[in-house]
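Coordinate inspection notes
What follows is the residue order along each chain.
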Amino acid sequence: MRCFSALFLAAILVPGSASALSMTDTLEAWKQSSTMDRLQLATRFGKSFVSVNESFTAGYFVKCIDEVAGYSNAQKAKIEDAVRECVASQLRMTGKGQADD
């Protein structure tokens, strides 16, 4: 549940007007955006999620979202969907996806 709470927090911390990209943009928009725009958004994700897992850095999010955006059927998916997948995947790999409730 902490994963989804952190995603909600990221949504609050990433206003659409603050950068050229927002969580609600498509992965196609991600692929077409500049490296600086992707890094700015990924940095915000990193700042929001690093308290959940220290491996959630801006670099991790850029690499992971780039990878998800490369899937042939993912272009219409939203950046927030990719972030959700990136967080869930990393938590599964580190074994920290277990509910603390």
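To be clear, the structure that these remarks concern was listed above.
The following paragraphs examine the structure supplied in this document. Predicted model only: the values in this text are computed from it and were never measured.

1. Some points on the packing of helix α3 (residues 35-49) against helix α5 (residues 79-94)
It is the contact of α3 with α5, at a shortest axis distance of 13 Å, that shows an interaxial angle of 45°. As the angle between them shows, α3 and α5 are arranged oblique. Classified by chirality, the crossing of α5 by α3 is right-handed. Residues Leu41, Phe45 and Phe49 of α3 form the contact with α5, whose own contacting residues are Ile79, Val83 and Val87. Classifying every residue of the contact of α3 with α5 gives six nonpolar, no polar and no charged.

2. Here's the deal with the environment of serine 48
As for its position among the elements, serine 48 is in helix α3. A polar contact of 2.9 Å, which involves the side chain of serine 48, links it to the backbone oxygen of arginine 44.

3. Description of the nonpolar core
Core analysis: the largest hydrophobic core is formed by 24 residues, its most contacted members being Leu27, Phe45, Phe56, Phe61, Ile65, Ile79 and Val83. No other element matches helix α4 (residues 58-69), which puts seven residues into this core.

4. With respect to the environment of alanine 58
Structurally, the position occupied by alanine 58 is in helix α4. Taking the C-alpha atoms as reference points, alanine 58 and arginine 38, 20 residues apart in sequence, are found 9.4 Å from one another. Aside from chain neighbours lying at most four places away, what touches alanine 58 is Leu39, Ala42, Thr43 and Gly46.

5. Things to note about the pattern of salt bridges
In the structure shown here, the tally under the stated rule is three salt bridges. Two residues, aspartate 66 and arginine 38, come together in a salt bridge whose shortest N-O distance is 3.5 Å. Placement of aspartate 66 in helix α4 and of arginine 38 in helix α3 is noted, with a sequence separation of 28 residues between them. Arginine 38 sits in the buried class, given a relative accessible area of 16%.

6. Looking at the state of the cysteines
Inspection of every chain in the model, using the stated rule, returns one disulfide. Covalent S-S linkage joins cysteine 64 and cysteine 86, the inter-sulfur distance amounting to 2.1 Å. In this structure, the disulfide formed by cysteine 64 and cysteine 86 twists by about -105° around the S-S bond and is classed as left-handed. Of the two residues, cysteine 64 is situated in helix α4 and cysteine 86 in helix α5; the sequence distance between them amounts to 22 residues. Comparing cysteine 64 with cysteine 86 shows no difference in burial state: the two are buried.

Parameters at a glance
Per chain, the residues get numbers from 1 upward, laid out in the order the sequence is written. Under the rules for a predicted model, residues below a pLDDT of 70 receive no local features and side-chain atom pairs below 80 are neither given nor counted, while totals for whole chains, interfaces and linings still include all residues. Only heavy atoms go into the side-chain values, all of them from the structure, while hydrogens and water stay out. What counts as an axis is a line fitted to C-alpha atoms, over the stretch in contact for a helix, and the angles between N-to-C directions run from 0 to 180 degrees. The numbering of helices and of strands both runs from the N terminus, where a helix is a DSSP run of H or I of at least 4 residues and a strand a run of E of at least 2. By definition in this entry, angles of less than 35 degrees are roughly parallel, angles greater than 145 are roughly antiparallel, angles of 65 to 115 are roughly perpendicular, and the rest are oblique. Helix crossings fall into two classes, left-handed where the near helix is turned counterclockwise from the far one by less than a right angle and right-handed where it is turned clockwise. Contacts are assigned to residue pairs that have any heavy atoms within 4.5 Å of one another. The nonpolar class holds Ala, Val, Leu, Ile, Met, Phe, Trp, Tyr, Cys and Pro. Asp, Glu, Lys and Arg form the charged class, and all remaining residues, Gly among them, are polar. Polar contacts, as counted here, are pairs of nitrogen or oxygen atoms within 3.5 Å of one another; within protein the pair requires one atom able to donate a hydrogen and one able to accept it, and residues that are adjacent in sequence qualify only if both atoms are side-chain atoms. Residue types Ala, Val, Leu, Ile, Met, Phe, Trp, Tyr and Cys, when buried and joined through side-chain atoms within 4.5 Å, form a set referred to as a nonpolar core. Burial classes follow relative accessibility: with a 1.4 Å probe on protein chains only, a residue under 20% of its type's maximum area counts as buried, one over 50% as exposed, and anything between as partly exposed. Salt bridges are defined as contacts in which a side-chain nitrogen from Lys or Arg sits within 4 Å of a carboxyl oxygen from Asp or Glu. Throughout, a disulfide means two cysteine sulfur atoms within 2.5 Å of one another.

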